[in-house]
Amino acid sequence: MAAATSPQIAFLGIGLMGSRQAKRLLDAGYSLTLWNRSREKAEALAPLGARVADRAADAVSGADVVILMLENGRIVDDVLFSQGVAEVLKPGAILVDMSSIKPAEAQDHAHQLKERGVHHIDAPVSGGTTGAEQGTLAIMAGGEAEMFDRVEPILKVMGRPVHVGPHGAGQLAKLANQIIVGVTIGAVAEALLLAQRGGADPAKVREALRGGFAESRILELHGQRMVERDFVTKGRSVTHLKDLDNALDAAERIDLQALPYTALTADLFRGLIANAGDLDHSGLLVELERRNGEGIK
């Protein structure tokens, strides 16, 4: 349980991820005030002791630590600077943005908050709803090391936090993660599609590859989804495409001119979403099937 002197925490964004993260903090004994655009999602945690605010600015008033888990940078910017959150944050508070946004956006938010005497940590995550529920998220944090040390005990309730550099570095680490995951999903989909088209049993091929150099969490989990054709959304393709586009934007800003695997994978996701909708990101297989005319049975 958290100590009696534990910080007052405001948590903004009680969606698929945020609801699970907030629940872990409540279970650990932290005092939380919640806000979500759809109030009923936050109300679901009230029986666990959470307070629910009608407005984001009301939720953060008096908070020592504010955690954001919002959909994209535009929404983060709106909540902070249009809905009045930044204006009411007390000097010395720490804002931990766990949303996945552009590194340049995180740096801009950090600069604007610093002018108000508020500290900023960008701390996006990887691990999906399962990791959020189990408290095993990979948490990649950028910002001042001293501020990271102050919020590290809170972050450890939700997963494994690592300080990776200055403001924006957490977002760069998340983009690196999304490149690796997206490209690997595409590689597994291509490999299983090739096996099936050539007459091999893709389920058995996946089993045969396990334990060799091709072994990965992607082959284990997403490969199984492909074999079972289970494309119910656990990781949104729309969100993954946003992250890959953000990676390409970040590369352009630092004059990194060629990320061919990232660009190709983004193109595959764009085709998947246009033709099949927002499936689980393992549904890249469906887009490869569309381009080739046959898939795993």
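All figures in this text were calculated on a predicted structure; none of them were measured in a lab.

Draft legend 1. Spatial organisation of the pattern of salt bridges. The final tally for this structure, using the stated rule, is 21 salt bridges. In this structure, Asp-243 and Lys-242 form a salt bridge, with 3.6 Å as the shortest nitrogen-oxygen distance. Judged by relative accessible area, Asp-243 falls into the buried class, the value being 1%. Looking at Lys-242, the relative accessible area reads 19%, which means it is buried. Each of Asp-267, Glu-287, Arg-290 and Arg-291 takes part in a single network of salt bridges with overlapping partners.

Draft legend 2. Region of interest: the side chain of Arg-225. Mapped onto the elements, Arg-225 comes out in helix α11 (residues 217-228). Accessibility expressed as a relative area gives 14% for Arg-225, which makes it buried. When residues no more than four places from it in sequence are discounted, the contact partners of Arg-225 are Asp-230, Phe-231, Lys-234, Asp-280, His-281 and Ser-282.

Draft legend 3. Examining the nonpolar core more closely. Phe-11, Leu-25, Leu-32, Leu-34, Ile-67, Val-96 and Met-98 are the most contacted members of the largest nonpolar core, which totals 35 residues. Those elements that provide at least two residues to this core are β1 (8-12), α1 (16-27), β2 (31-35), β4 (65-68), β5 (94-97), β8 (137-143) and α8 (145-158). If you tally residues by element for this core, the top one is α8, at seven residues. Non-local contacts of Met-98, meaning those with residues more than four positions away in its chain, are made with Gln-21, Ile-67, Leu-68, Met-69, Ala-123, Pro-124, Val-125, Ile-139, Leu-155 and Met-158. By size, the runner-up hydrophobic cluster in this structure holds 24 residues, among which are Trp-35, Ala-59, Leu-70 and Ala-106.

Draft legend 4. Geometry of the environment of Val-66. For Val-66, the position within the fold is in strand β4. When the C-alpha positions of Val-66 and Val-157 are compared, they lie 15 Å apart, and in sequence the two are 91 residues distant. With near-sequence residues (within four places) excluded, Val-66 lies in contact with Ala-10, Leu-12, Val-60, Leu-89, Ile-94, Leu-95 and Val-96.

Draft legend 5. Looking closely at the pairing of β1. By the criterion of burial, β1 is predominantly enclosed, with four of the five residues buried. The pairing of β1 with β2 spans five bridges and is parallel. Note on β2: the bridge partner recorded for Phe-11 is Leu-34. Note on the crossover from β1 through α1 to β2: the handedness is right-handed.

Draft legend 6. Summary view of the environment of Thr-262. Within the fold, Thr-262 resides in helix α13 (residues 260-276). Along the backbone, Thr-262 and Ala-10 are 252 residues apart, and their C-alpha atoms lie at a distance of 35 Å. When sequence neighbours within four positions are dropped, the list of residues in contact with Thr-262 reads Ile-179, Val-183, Leu-244, Ala-247 and Leu-248.

Draft legend 7. Representation of α1 in the model. Under the 1.5 Å per step criterion, the end-to-end length of α1 is 17 Å for 12 residues, consistent within 8% with the ideal 16 Å. Turning to α1, its buried residues number three or more, namely Met-17, Gly-18, Ser-19, Gln-21, Ala-22, Leu-25 and Leu-26. In the segment just after α1, Gly-29 is the residue with positive phi, at about 95°.

Reading the values: rules and limits
Residues numbered from 1 in each chain as written. Predicted model: local features only at pLDDT ≥ 70, side-chain atom pairs only at ≥ 80, totals over all residues. Heavy atoms only, no water. Salt bridge = Lys/Arg side-chain N within 4 Å of Asp/Glu carboxyl O. Buried < 20%, exposed > 50% of the residue type's maximum accessible area, 1.4 Å probe, protein only. Helix = DSSP H or I, 4+ residues; strand = E, 2+ residues; numbered from the N terminus. Contact = heavy atoms within 4.5 Å. Core = buried A, V, L, I, M, F, W, Y, C linked by side-chain atoms within 4.5 Å. Pairing = 2+ DSSP bridges. Right-handed = clockwise from strand over helix to strand, strands pointing away. Expected span 1.5 Å × (residues − 1).

These results come straight from atomic positions and should not be treated as a statement about function.
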